[in-house]
Amino acid sequence: MATGNAAATLSRADDWSSDFAAGTITIKDGATDLAVHTLTGFVTANVGDNATATANAIADDTILATGTADTVELTSGALTYNLVIGVDIILTTTSYVIGEPSQIASMIVTFNA
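Residues numbered from 1 in each chain as written. Predicted model: local features only at pLDDT ≥ 70, side-chain atom pairs only at ≥ 80, totals over all residues. Heavy atoms only, no water.

**Digging into the environment of Thr38**
In step 1: Position of Thr38 relative to the elements: it lies in strand β2 (residues 32-38).
In step 2: Each residue touching Thr38, except ones within four places of it in the same chain, is listed here: Gly23 and Ile58. (Helix = DSSP H or I, 4+ residues; strand = E, 2+ residues; numbered from the N terminus. Contact = heavy atoms within 4.5 Å.)

**Considering the sheet that holds β2**
Strand pairing within a sheet occurs via backbone hydrogen bonds; the two strands may be parallel or antiparallel.
In step 1: Spatial strand order, β2-β1-β7-β8: 4 strands in an open sheet with antiparallel pairing. Each edge of the sheet is formed by a strand with only one pairing partner; in this case those strands are β2 and β8 (79-83). The average undirected angle you get between the axes of adjacent strands in this sheet is 25°.
In step 2: Relative to β2, strand β1 (residues 24-29) runs antiparallel, the two sharing 6 bridges. Bridge pairing links Ile27 to Ala35 in β2. (Pairing = 2+ DSSP bridges. Axes fitted to C-alpha atoms, helices over the stretch in contact; angles between N-to-C directions.)

**Some details on the pairing of strand β12 (residues 104-111)**
In step 1: Where strand β4 (residues 50-55) lies against β12, 4 bridges are found, and the strand directions are antiparallel. By the bridge assignment for β12, Ala51 is matched with Phe111.
In step 2: As judged from the 3 bridges shared by strand β9 (residues 89-91) and β12, these two strands associate in the antiparallel manner. Bridging across to β12, Leu91 finds its partner in Ile104.

**With respect to the pattern of salt bridges**
A side chain with one charge can pair with a side chain of the opposite charge if their charged atoms come near.
In step 1: Summed over all chains, the structure comprises 1 salt bridge.
In step 2: Notably, a salt bridge pairs Asp33 with Lys28, separated by 3.2 Å at the nearest N-O pair. (Salt bridge = Lys/Arg side-chain N within 4 Å of Asp/Glu carboxyl O.)

**Considering the sheet that holds β4**
In step 1: Overall, antiparallel pairing links the 4 strands, which are arranged β3-β4-β12-β9 in an open sheet. Strands at the two margins of the open sheet, each flanked by one partner only, are β3 (42-47) and β9. Each strand axis lies, on average, 20° off the axis of its neighbour in the sheet, ignoring direction.

And the structure:
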């Protein structure tokens, strides 16, 4: 199998970023939605032959339910991408209390060569 190069991985990151540019991040505890955030786009770049898509600043939102975050979904229309907590997305906490602020420290998705 051929290894991707920097241009190819950056192209994949750009395509993905375009698909999810106005996406919605839903933080969940099982089937319960704990918080919902809206994205405002990404910045893509190469890191060696790999590429990254870094979300623009994500606004805080109000926590909708009490629980422990175990799943984070990124959706845009019919598309869904499962984000890995602690890898793709850094939450300021995984313990959510209704009415408190929900904050996302960062979201960076890596596309490996």
